[in-house]
Amino acid sequence: MTEPNNNPLHGVTLEQTLNILVQHYEWSGLAERIDIRCFKSDPSIKSSLTFLRKTPWAREKVERLYVKLMRTKRPD
């Protein structure tokens, strides 16, 4: 089975996703949108990636926020 070409997560790593979200929202804005301690208390890409890779529900929230952001940035 092949993935649809319109999948906004296709070819994007979790690290890239997180970096884009942090660049856009900053850590404080990301923590407001997704209530995860690793975004609030001494946040870093490394610690967040470790947590997100072990926690499927948190990763899904991050991926959903990324998809939402990419849809709003998409030119019409």
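Since the model is a prediction, treat every value here as computed from it, not as a measurement.

Procedures and definitions
- Residues numbered from 1 in each chain as written.
- Predicted model: local features only at pLDDT ≥ 70, side-chain atom pairs only at ≥ 80, totals over all residues.
- Heavy atoms only, no water.
- Salt bridge = Lys/Arg side-chain N within 4 Å of Asp/Glu carboxyl O.
- Buried < 20%, exposed > 50% of the residue type's maximum accessible area, 1.4 Å probe, protein only.
- Helix = DSSP H or I, 4+ residues; strand = E, 2+ residues; numbered from the N terminus.
- Axes fitted to C-alpha atoms, helices over the stretch in contact; angles between N-to-C directions.
- Parallel < 35°, antiparallel > 145°, perpendicular 65-115°, else oblique.
- Left-handed = near helix turned anticlockwise from the far one by under 90°.
- Contact = heavy atoms within 4.5 Å.
- Expected span 1.5 Å × (residues − 1).
- Polar contact = N/O pair within 3.5 Å; in protein donor to acceptor, adjacent residues only side chain to side chain.

A. Spotlight on the pattern of salt bridges. Using the criterion set out here, one finds 3 salt bridges in the structure. Between Asp35 and Lys40 there is a salt bridge, and its shortest N-O distance comes to 2.3 Å. For Asp35, a relative accessible area of 60% gives the class exposed. Look at Lys40 and you get partly exposed, because its relative accessible area is 48%. The residue Glu60 makes a salt bridge to Arg64 at a minimum N-O spacing of 3.9 Å. Of this pair, Glu60 and Arg64 both sit in helix 4 (residues 56-73), 4 residues apart, which is roughly one turn of the helix. Exposure remark for Arg64: the relative accessible area of 53% places this residue in the exposed category.

B. Seen up close, the packing of helix 1 (residues 14-33) against helix 3 (residues 45-54). At their nearest, the axes of helix 1 and helix 3 sit 11 Å apart, and the two run at 125° to each other. Relative to helix 3, the element helix 1 lies oblique. The hand of the helix 1/helix 3 crossing is right-handed. For the pair helix 1 and helix 3, contact is made by Leu14, Glu15, Leu18, Asn19, Val22 and Trp27 and by Ile45, Ser48, Leu49, Leu52 and Arg53, respectively.

C. Spatial organisation of the side chain of Thr17. Along the chain, Thr17 turns up in helix 1. Looking at Thr17, the relative accessible area reads 2%, which means it is buried. Apart from the residues within four sequence positions on either side, Thr17 is in contact with Val12, Val62 and Tyr66.

D. Up close: helix 4. Here helix 4 spans 26 Å end to end across 18 residues, near enough to the 26 Å set by a 1.5 Å rise per residue. When helix 4 is considered as a whole, its buried residues turn out to be Ala58, Val62, Leu65, Tyr66, Val67 and Leu69. Residues of helix 4 that are buried make contact with helix 1, helix 2 (37-40) and helix 3.

E. Summary view of the side chain of Ser48. Here Ser48 lies in helix 3. Take Ser48: its relative accessible area is 0%, and that puts it in the buried class. A distance of 2.8 Å separates a polar side-chain atom of Ser48 from the backbone oxygen of Ser44. Excluding anything up to four places from it in sequence, Ser48 contacts Leu18, Trp27, Cys38 and Phe39.

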